[in-house]
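# Architecture at a glance
Residue-level listing of the chains:
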Amino acid sequence: MLSELLAGALSDAAERRLTRPFAAVESAALDRAPAIDALHALSPADRVKIIAEVKRASPSRGTLAEISDPAALAVSYEFGGASAISVLTEGRRFLGSLADLEQVRAAVSVPVLRKDFIGEPYQVLEARAAGADLVLLIVAALDQATLGSLQTLVRELGMTALVETHSAEEVDRALDVGASLVGVNARNLSTFELDQELFGRLADRIPSGVVRVAESAVKTAADVAHYRAAGADVVLVGEALVTNDPILTLTEFLAV
Ligand SMILES: O=P(O)(O)OC[C@@H](O)[C@@H](O)c1c[nH]c2ccccc12
């Protein structure tokens, strides 16, 4: 499934490139106001931090929410205390777009993450051109050389990579390319199975100085507390926020 998602995202990027060539996206990326320092916004604190996700649908859960106004949702997230906003820009299965990201960027002042299946520099430049401060890089989808070169490009553009892992070996690969923000996704993107204990098993492999992000499988405040107790600096939440009152839910989650 993961390779299919990546292939789809790359083919959609190739399509966009026909009307918006590499050089045009590159100059748009360089023309943007500098990216916000996401590492600072997400740095370890005496309270858990939350990345709140704008997510309409997913291949494993189907349609989650309408979200006709992603900017309004993101404003609620910011008001509710989110430290950053994740925007799913994958169009085929998650029903997102770069336009969603641009609207969110214009509406909030916290860092914004492009959540997509990224495999080539063009997509990183698109992210910066749309105003993203963070880009997701999924270790399982990339060979080590590509992971390293994409992480370098993200840094050169002043952005931060959230490097997503799902095993001890993938955590080591993330650290090998110098990741400063490492995510552990409870969901296996090939089988869609959830393992909420995975973060706890891998957290110790992530050295202090690297920000630890627990991704997926948060339904209740108790789940946030569980990840926090296991060492999460940041928790990334999608479904629970788009299917409930976002401000109330965030307030509850941040009170753990
Ligand atoms: O809706 P949830 O279970 O709270 O999960 C959010 C986020 O972790 C999930 O959307 C996600 C994590 N990694 C991804 C990679 C691609 C697409 C989506 C994701």
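The residue count restarts for each chain, going from 1 along the sequence in the order it is written. This being a predicted model, a pLDDT of at least 70 is required before a residue's local features are given, and a value of 80 or more before pairs of side-chain atoms are given or counted; all residues contribute to the totals for chains, interfaces and linings. As a convention, hydrogens and water are excluded, and side-chain values are obtained from all of the structure's heavy atoms.

## Some points on the sheet that holds strand β1 (residues 49-54)
- The parallel closed barrel is built from 8 strands, whose spatial order is β1-β4-β5-β6-β7-β8-β9-β10. The average angle at which neighbouring strand axes cross in this sheet is 25°, direction not considered.
- Pairing geometry for β1 and strand β10 (residues 234-237), over 4 bridges, is parallel. Across the sheet, the residue bridging to Ala52 is Val237, located in β10.
- Where helix α5 (residues 98-107) meets the sheet, its contacts fall on β1, β4 (84-88) and β5 (112-115), and the angle it forms with β5 comes to roughly 175°.
- Contacts were defined at the residue level, with two residues in contact if any of their heavy atoms lie within 4.5 Å. Fitted lines through C-alpha atoms serve as axes, helices being fitted only where they are in contact, and the angles separating the N-to-C directions of these axes extend from 0 to 180 degrees. Secondary structure elements are taken from DSSP: a helix is a run of H or I of four residues or more, a strand is a run of E of two residues or more, and numbering for both begins at the N terminus. Packed on one face of the sheet, helix α8 (residues 168-176) meets β7 (160-165) and β8 (181-185) and runs near 160° to β7. For two strands to pair, DSSP has to find at least two bridges joining them.

## Here's the deal with the site of the ligand
- We call a residue near a molecule or strand as soon as one heavy atom of that residue lies within 4 Å of the molecule or strand. Taken together, 18 residues are adjacent to the ligand, and Glu53, Lys55, Glu164, Ser216 and Gly238 come closest.
- For this analysis, a polar contact is any N or O atom pair within 3.5 Å, provided that within protein one partner can donate a hydrogen and the other can accept it, and provided that sequence-adjacent residues contribute only side-chain to side-chain pairs. Lys115 is positioned such that a nitrogen or oxygen atom in its side chain is 3.5 Å from an oxygen atom of the ligand.
- Here the open area of atoms and residues is found with the Shrake-Rupley method and a 1.4 Å probe, where only the protein chains shown may cover a residue. Calculation on the ligand without its partners gives an accessible area of 440 Å², and the protein chains cover 96% of this total.
- For the shell around the ligand, the secondary-structure elements that each account for two or more residues are β6 (134-138) and β10.
- Each residue receives one of three labels: charged for Asp, Glu, Lys and Arg, nonpolar for Ala, Val, Leu, Ile, Met, Phe, Trp, Tyr, Cys and Pro, and polar for the others, Gly being one of them. Of the residues assigned to the shell around the ligand, the class counts are 9 nonpolar, 3 polar and 6 charged.

## What to know about the pattern of salt bridges
- The working definition used for a salt bridge is a side-chain nitrogen of Lys or Arg within 4 Å of a carboxyl oxygen of Asp or Glu. Enumeration according to the criterion identifies 13 salt bridges in this entry.
- The structure contains a network of salt bridges with shared partners spanning Arg16, Arg114, Asp116 and Glu126.

## Looking at the packing of helix α1 (residues 2-19) against helix α6 (residues 121-129)
- Where α1 meets α6, the axes come as close as 10 Å, and the angle between the chain directions of the two elements is 70°. Between α1 and α6, the angle is such that the two are roughly perpendicular. The hand of the α1/α6 crossing is left-handed. Across from Ala9, Leu10, Ala13, Arg16 and Arg17 in α1, the residues of α6 making contact are Tyr122, Gln123 and Glu126.
- The residue makeup of the contact of α1 with α6, split by class, is 4 nonpolar, 1 polar and 3 charged. Note that the term roughly parallel is reserved for angles under 35 degrees, roughly antiparallel for angles over 145, roughly perpendicular for angles of 65 to 115, and oblique for everything else. Definitions for this section: a left-handed crossing has its near helix turned counterclockwise from the far helix by less than a right angle. A right-handed crossing has that turn clockwise.

## Observations concerning the UniProt feature "domain: Indole-3-glycerol phosphate synthase" (unreviewed entry) in the protein
- UniProt positions are given in the numbering used here, feature names are shortened, and annotations may be inferred rather than shown by experiment. Residues annotated in UniProt with the feature "domain: Indole-3-glycerol phosphate synthase" (unreviewed entry) correspond here to residues 4-245.
- Note that residues 4-245 is 41% helix and 18% strand, and that its end C-alpha atoms are spaced 33 Å apart.

## Concerning the nonpolar core
- Nonpolar cores were defined as sets of buried Ala, Val, Leu, Ile, Met, Phe, Trp, Tyr and Cys residues, with membership established by side-chain atoms within 4.5 Å. Relative accessible area decides the class of each residue, using a 1.4 Å probe on protein chains only: under 20% of the type maximum gives buried, over 50% gives exposed, and in between gives partly exposed. Among the nonpolar cores identified, the biggest contains 71 residues, and Tyr77, Ile85, Tyr227 and Val235 are the most heavily contacted of them.
- Those residues within four positions of Ile85 in sequence are excluded, and the remaining contacts are Ile51, Ala52, Val54, Ala74, Tyr77, Glu78, Val104, Val108, Val110, Pro111, Val112 and Leu113.
- Counting 22 residues, the second-largest nonpolar core is a separate cluster that includes Leu113, Phe117, Val213 and Leu236.

## Considering the environment of Gly158
- Relative to the elements of secondary structure, Gly158 occurs in the loop between α7 (144-156) and β7.
- Classification of Gly158 by relative accessible area gives partly exposed; the value is 43%.
- For Gly158 and Arg47, which are 111 residues apart along the polypeptide, the C-alpha to C-alpha distance reads 26 Å.

## Thoughts on the packing of helix α2 (residues 22-31) against α6
- Put simply, α2 and α6 touch, their axes get as near as 8 Å, and they point 40° apart. With respect to each other, α2 and α6 are oriented oblique. In this structure, α2 crosses over α6, and the sense of that crossing is left-handed. Contact with α2, carried on its side by Phe22, Val25, Glu26, Ala28 and Ala29, involves Pro121, Tyr122, Leu125, Glu126, Arg128 and Ala129 of α6 and no other residues of that element.

## Thoughts on the side chain of Gln151
- As for its placement among the helices and strands, Gln151 is situated in helix α7.
- Residues contacting Gln151, with those up to four places away along its chain left out, are Leu137, Ala161, Val163, Val177, Gly178 and Ala179.

## A look at the confidence of the model for the protein
- Looking at the protein as a whole, its pLDDT mean stands at 98, while 100% of the residues score no less than 70.
- Across the predicted assembly, pTM comes out at 0.98 and ipTM at 0.98. Each residue gets a pLDDT score, which is the predictor's confidence in that residue and runs from 0 to 100.

## A short note on the packing of aromatic side chains
- Any two of the Phe, Tyr and Trp rings considered here, Trp counted by its six-membered ring, make a pair once their centres fall within 6.5 Å; the pair's planes then place it as stacked at under 30 degrees, edge-to-face at over 60, or tilted in between. Summed over all chains, the structure comprises 3 aromatic pairs.
- Ring centres of Phe94 and Phe117 lie 5.9 Å apart, and the angle between their planes is 35°; this geometry places the pair in the tilted category. Note that Phe94 is positioned in the loop between β4 and α5 and Phe117 in the loop between β5 and α6, a separation of 23 residues in sequence.
- Plain terms: the ring middles of Phe199 and Tyr227 are 5.7 Å apart, the flat faces sit at 80° to each other, and that makes the pair edge-to-face. Taken together, the residues span a long stretch of sequence, with Phe199 in helix α9 (residues 198-202) and Tyr227 in helix α10 (residues 221-229) at a distance of 28 residues.
- On the basis of relative accessibility, which here comes to 1%, the residue Phe199 falls in the buried class.

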